[in-house]
Amino acid sequence: MTEAASELYALVRELYPICRSITGDGVRETLRILAQRLPLEIREIRSGTQVLDWTVPREWNIRDAYIADASGKRVVDFRQNNLHVMSYSTPVRTELTLAELKPHLYSLPEQPSLVPYRTSYYAEAWGFCLAHEQLQALAEGTYSVCIDATLEPGSLTYGELLLPGASTEEILISTHVCHPSLADDNLSGIAVSVALAREISQRKERRYSYRFLYAPGTIGAITWLAQNRATATRVKHGLTLTCLGDAHPFTYKRTVFGRAEVDRAAAHVLARTNARSQTEHRTIDFFPYGYDERQFNSPGFRLEVGSLMRGRHGQFPEYHTSADNLDFVSGERLEESLGVLREILNVLEDNRSYRNLAPYGEPQLGSRGLYRATGGTNIPNLQFAMLWVLNLSDGAHSLLDIAERASLDFSAIAAAAKLLAEHGLLETVASKS
Ligand code: ZN
């Protein structure tokens, strides 16, 4: 495994045992760990605060929970797996017969060995999740039930990091941080986002400003939007990240109208990856479900935020179960995801339009040393890319337009443009925005 892959996986492993929810110490502890790697700003927004059409809920914290049989033996134990407690369960301490207990037990009859992940954020309830085979094996009798939790006024916690660039226009990378011990569905996105933020923070030049957001799903994104209502329009492009550590091909989910620059950048990168390595990465249309892209794309904001994932939520059997564990994700897959994400952002960062300053016929590349210049690189098709850039740089075509038209990697087109500009054959055209 490469060092990058093992670092990505190590962060997933470190965060895995923590019991996160939409509020509480699990999110704080998670952000504290991220803050060891990034200069993260951590925000606390008080319970009861009005955020757009929502209200920040009470804070939930849990210390222990179990179901014990008559002999006192714990048959379901939160300490063994935090998925055993329905997230946001109200506190309970009582004795119940099996028949009385059963309405509070959740299992997956179709996947009898797996523990499901369930939440009840906005309806007061308590419950336990367990393997169906374990549920069926429970003997008649009386059980003591304990959920040692608190649901009290406190705050909602989220973290953000802004890396300023030449422009105040932002690229937003957003990841939810509210799932407990599930590796792919949220820890993979967090790990990839942190690695990306570290990389981008080390760049000497950034065209865009970059904002990394780590917030609980739905209510966290809504809270962030409420806190940043006036300035959210600075977000020019964005991505939510989720399920990036599994072995499925990539899926990119487009922004609401599907015509944003990030949509084209992602489609180009995935299509080129498919052409290079016979993979089956795909792009799909927006739908108002899934992760926080639907908050950012809502009509009041219409921020052009797509979503990058491998496995699609709800469409793989491990999703929201105890099978989404540390074996389900790998460092190699996380590293590959980081690479695809980096490529998409490179397109956004470098995409611009140029004008050919020697547009009458083809300029003599040999006499300008440009043929020699291409010999010294290992960029495939660089010479061909130069001819495409010269031909289409009439001020009306961007480098991404040219890469699409030429069916060449954007990176080759961008390298060709850089070379031509250095040799006085291109000038940048002021962007429209
Ligand atoms: Zn989820």
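Look a little higher up for the structure.
Residues numbered from 1 in each chain as written. Predicted model: local features only at pLDDT ≥ 70, side-chain atom pairs only at ≥ 80, totals over all residues. Heavy atoms only, no water.

Chemist: Just give me the short version of the packing of helix 11 (residues 382-392) against helix 12 (residues 399-406), but keep the residues and values in it.
Modeler: Contact geometry for helix 11 and helix 12: axes closest at 10 Å, N-to-C directions at 125 degrees. Taken together, the axis directions place helix 11 and helix 12 in an arrangement best described as oblique. Here the hand of the crossing between helix 11 and helix 12 comes out right-handed. Packed against helix 11, whose contacting residues are Trp388, Val389 and Leu392, the element helix 12 presents Ile402, Arg405 and Ala406 at the interface. Taken together, the residues of the contact of helix 11 with helix 12 break down into 5 nonpolar, no polar and 1 charged. (Axes fitted to C-alpha atoms, helices over the stretch in contact; angles between N-to-C directions. Helix = DSSP H or I, 4+ residues; strand = E, 2+ residues; numbered from the N terminus. Parallel < 35°, antiparallel > 145°, perpendicular 65-115°, else oblique. Left-handed = near helix turned anticlockwise from the far one by under 90°. Contact = heavy atoms within 4.5 Å. Nonpolar A, V, L, I, M, F, W, Y, C, P; charged D, E, K, R; others polar.)

Chemist: Give me the lowdown on unusual backbone geometry, citing residues and values where you can.
Modeler: Of note in this structure, asparagine 186 is not a glycine but carries a positive phi near 125 degrees. Positive phi, normally seen in glycine, also occurs at histidine 320, with a value near 55 degrees. Of note, histidine 320 is situated in the loop between strand 16 (305-309) and helix 9 (331-350).

Chemist: Give a description of the packing of aromatic side chains that names residues and reports values.
Modeler: The final tally for this structure, using the stated rule, is 9 aromatic pairs. Taking the ring centre of phenylalanine 250 as reference, the NZ or CZ of arginine 310 above it sits at 4.2 Å. (Phe/Tyr/Trp six-rings, centres within 6.5 Å; stacked < 30°, edge-to-face > 60°. Lys NZ or Arg CZ within 6 Å of the ring centre and 35° of its normal.)

Chemist: Tell me about the sheet that holds strand 17 (residues 353-356), residues and numbers included.
Modeler: Spatial strand order, 18-17-19: 3 strands in an open sheet with antiparallel pairing. Among the strands making up the open sheet, the edge pair consists of strand 18 (394-398) and strand 19 (426-429). For this sheet, the mean inter-axis angle between neighbouring strands, taken without regard to orientation, is 35 degrees. As paired strands, strand 17 and strand 18 are joined by 2 bridges and run antiparallel to one another. By the bridge assignment, serine 353 is partnered in strand 18 with serine 398. On the sheet, helix 12 packs against strand 17 and strand 18 and is oriented at approximately 70 degrees with respect to strand 18. (Pairing = 2+ DSSP bridges.)

Chemist: An account of the pattern of salt bridges is needed here, citing residue identities and associated values.
Modeler: One pass over the full model with this rule turns up 26 salt bridges. The residue glutamate 336 makes a salt bridge to arginine 310 at a minimum N-O spacing of 3.0 Å. With a gap of 26 residues between them, glutamate 336 in helix 9 and arginine 310 in the loop between strand 16 and helix 9 connect regions that are remote in the sequence. For glutamate 336, a relative accessible area of 34% translates into the label partly exposed. With relative accessibility at 2%, the residue arginine 310 sits in the buried group. The partner of arginine 355 in a salt bridge is glutamate 427, and the shortest N-O contact between them spans 3.3 Å. Here glutamate 427 lies in strand 19 and arginine 355 lies in strand 17, a separation of 72 residues in the sequence. According to the relative accessible area criterion, glutamate 427 is partly exposed, its value standing at 35%. Here the salt bridges do not stand alone but share partners, grouping Glu41, Arg43, Glu160, Glu170 and Arg211 into one network. (Salt bridge = Lys/Arg side-chain N within 4 Å of Asp/Glu carboxyl O. Buried < 20%, exposed > 50% of the residue type's maximum accessible area, 1.4 Å probe, protein only.)

Chemist: Give a description of a nonpolar patch on the surface that names residues and reports values.
Modeler: A contiguous nonpolar patch, built from Tyr371, Phe384 and Leu387 and spanning about 260 Å² of accessible area, is present on the exposed surface. Residue placement: phenylalanine 384 occurs in helix 11. (Patch = residues over 30% accessible without salt bridge, like charges linked within 9 Å, V, L, I, M, F, W, Y side chains within 5 Å. Areas by Shrake-Rupley, 256 points an atom, 1.4 Å probe, with all protein chains shown as cover.)

Chemist: For the coordination of the zinc ion, give the residues involved together with the corresponding values.
Modeler: Only His179 (NE2), Asp185 (OD) and His320 (NE2) from the protein reach the zinc ion as donors, at distances of 2.0 to 2.1 Å. Mapped onto the sequence, the residues coordinating the zinc ion show the spacing H-x5-D-x134-H. Of this pair, aspartate 185 sits in helix 5 (residues 183-201) while histidine 320 sits in the loop between strand 16 and helix 9, and the two are 135 residues apart along the sequence. Using a relative accessible area of 0% as the deciding quantity, one classes aspartate 185 as buried. (Donors = N, O, S within 2.8 Å, 3.2 Å for Na, K, Ca; no water.)

Chemist: Lay out the sheet that holds strand 9 (residues 142-152) with the relevant residues and their values.
Modeler: Reading across the sheet, the 4 strands line up as 5-4-9-6 and stay open at both edges, with antiparallel pairing between neighbours. At either end of the open sheet lies a strand with only one pairing partner, and these are strand 5 (74-77) and strand 6 (92-97). Adjacent strand axes in the sheet meet at a mean angle of 20 degrees when their direction is disregarded.

Chemist: Before we move on, could you go through the nonpolar core and cite the residues and values that matter?
Modeler: One recurring pattern in soluble globular proteins is that nonpolar side chains are buried together. One finds Leu34, Phe212, Tyr214, Leu239, Leu308, Ile413 and Leu420 to be the most contacted residues of the largest nonpolar core, which totals 80 residues. By residue number, the principal contributor to this core is helix 5, which donates 10 residues. Look past the residues within four positions of leucine 420 in its chain and what remains in contact with it is Leu365, Leu370, Met386, Val389, Leu390, Leu425 and Leu426. Counting 51 residues, the second-largest nonpolar core is a separate cluster that includes Leu156, Ala221, Trp224 and Leu225. (Core = buried A, V, L, I, M, F, W, Y, C linked by side-chain atoms within 4.5 Å.)

Chemist: An account of the pairing of strand 10 (residues 155-163) is needed here, citing residue identities and associated values.
Modeler: For strand 10, the buried fraction is high: 8 of the 9 residues fall into the buried class. Judged from the 5 bridges that link them, strand 10 and strand 12 (residues 209-215) form a sheet pairing that is antiparallel. Residue pairing in the sheet places glutamate 160 in a bridge with leucine 213 of strand 12.

Chemist: Could you give an account of helix 7 (residues 261-277), with specific residues and numbers?
Modeler: Compared with the 24 Å implied by 1.5 Å per residue over 17 residues, the 24 Å span of helix 7 between its first and last C-alpha is a close match. Within helix 7, the full set of buried residues consists of Val262, Asp263, Ala265, Ala266, His268, Val269, Leu270, Arg272, Thr273 and Asn274. Among the residues trailing helix 7, glutamine 278 stands out with phi positive, at a value near 50 degrees. (Expected span 1.5 Å × (residues − 1).)

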